[in-house]
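Notes for the structure review
The chain contents come next:
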Amino acid sequence: DGGITQSPKYLFRKEGQNVTLSCEQNLNHDAMYWYRQDPGQGLRLIYYSQIVNDFQKGDIAEGYSVSREKKESFPLTVTSAQKNPTAFYLCASSIVLASTYNEQFFGPGTRLTVL
Amino acid sequence: GQQLNQSPQSMFIQEGEDVSMNCTSSSIFNTWLWYKQDPGEGPVLLIALYKAGELTSNGRLTAQFGITRKDSFLNISASIPSDVGIYFCAGQLFQGYSGGGADGLTFGKGTHLIIQP
């Protein structure tokens, strides 16, 4: 089946540890995105990538890092510099066309809890 | 960054009632989107609006792109139990591929819809 997978669904880490969240898509999409969602809040953009080996900061990139070595994969690392890392993290992907908005398809999310 | 004000924050309605929610922005968007999110899942796109003044329907859902490009509303007619969830508006200022054609979205804080049978 085609889609976006994020694993694991739930992740627990100790404070001060870096943690990497995985996102894989087999939709052949060029663009991939990471959002963060806090309770009662909308999604906020962390990083996005339009093409392999290139990525851009979103609105809340501080304390996060990404890589895009393969088209299918866009892992997000939550570093110890992120002051409040406990949140629901959502990955999305889309095609890239010049003429219009391209629907972003979301993965099921990873709930990260830092103890 | 850009801010979206979405209201109401939550709605408690009876099954069969119509629902209306809206979003306003401090700046212009050239695409408005409405998503629904079930608990613990990613959002799913309901309706996309591409042109100021556009009115689009998807079954019992109707959404409009405001003339000023700074607002949008979503209506749900004859609500049913499976309509329960959180509804988000989102906007994008698409600037073309050379300007970042795959930019991320700006989301409202959501409207939590609760339906009493």
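Now for a quick tour of the structure. No experiment lies behind these values; they were computed from the predicted model shown. (Residues numbered from 1 in each chain as written. Chains lettered and ligands numbered in written order. Predicted model: local features only at pLDDT ≥ 70, side-chain atom pairs only at ≥ 80, totals over all residues. Heavy atoms only, no water.)

Things to note about the pattern of salt bridges
Residue and element names in this part refer to chain A. For the structure on display, the rule yields five salt bridges over all chains. Note that Arg-36 and Asp-38 form a salt bridge whose closest N and O atoms lie 2.9 Å from each other. The exposure classification of Arg-36 matches that of Asp-38, with both residues buried. The partner of Asp-38 in a salt bridge is Arg-44, and the shortest N-O contact between them spans 2.8 Å. One network of salt bridges, with partners in common, ties together Arg-36, Asp-38 and Arg-44. (Salt bridge = Lys/Arg side-chain N within 4 Å of Asp/Glu carboxyl O. Buried < 20%, exposed > 50% of the residue type's maximum accessible area, 1.4 Å probe, protein only.)

Regarding the packing of aromatic side chains
Residue and element names in this part refer to chain A. The tally for this structure, following the rule as stated, stands at eleven aromatic pairs over all chains. Between Tyr-64 and Tyr-89, the ring centres sit 5.9 Å apart and the planes meet at 65°, which makes this aromatic pair edge-to-face. With Tyr-64 in strand β7 (residues 64-66) and Tyr-89 in strand β9 (residues 87-94), this pair connects stretches of sequence that are 25 residues apart. A single burial state applies to Tyr-64 and to Tyr-89, both of which are buried. (Phe/Tyr/Trp six-rings, centres within 6.5 Å; stacked < 30°, edge-to-face > 60°. Helix = DSSP H or I, 4+ residues; strand = E, 2+ residues; numbered from the N terminus.)

Looking at the layout of surface pockets
In this structure, the largest pocket occupies an estimated 390 Å³ of space. Taken together, 24 residues form the lining of the largest pocket, with Gln-37, Pro-39, Gly-40 and Gln-41 of chain A together with Ile-86 of chain B sitting closest to its centre. Those elements giving two or more residues to the lining of the largest pocket turn out to be β9 of chain A together with β1 (4-7), β9 (85-92) and β11 (111-116) of chain B. The element contributing the most residues to the lining of the largest pocket is β1 of chain B, with three residues. Tallied by class, the residues present in the lining of the largest pocket amount to seven nonpolar, twelve polar and five charged. (1 Å grid on protein atoms, 1.4 Å probe; cavity = no way out; pocket = protein on both sides within 12 Å on 5 of 7 lines; lining within 4 Å. Points joined across faces, edges and corners; volume = space filled by probe spheres on them. Nonpolar A, V, L, I, M, F, W, Y, C, P; charged D, E, K, R; others polar.)

What to know about the sheet that holds strand β8 (residues 76-78) of chain A
Whenever strands of a sheet pair, they do so through backbone hydrogen bonds, lying parallel or antiparallel. All names here are of chain A. Pairing within the open sheet is antiparallel, and its four strands lie in the order β1-β3-β8-β7. Each of the sheet's edge strands pairs with one partner strand only, and the pair in question is β1 (4-7) and β7. Across the sheet, the axes of successive neighbouring strands diverge by a mean angle of 20°, strand direction being ignored. Sheet analysis places β1 next to strand β3 (residues 19-25), joined by four bridges and oriented antiparallel. Residue Ile-4 lies in a different strand from β3, and its bridge partner there is Gln-25. (Pairing = 2+ DSSP bridges. Axes fitted to C-alpha atoms, helices over the stretch in contact; angles between N-to-C directions.)

Any functional reading would require information that these geometric values do not contain.
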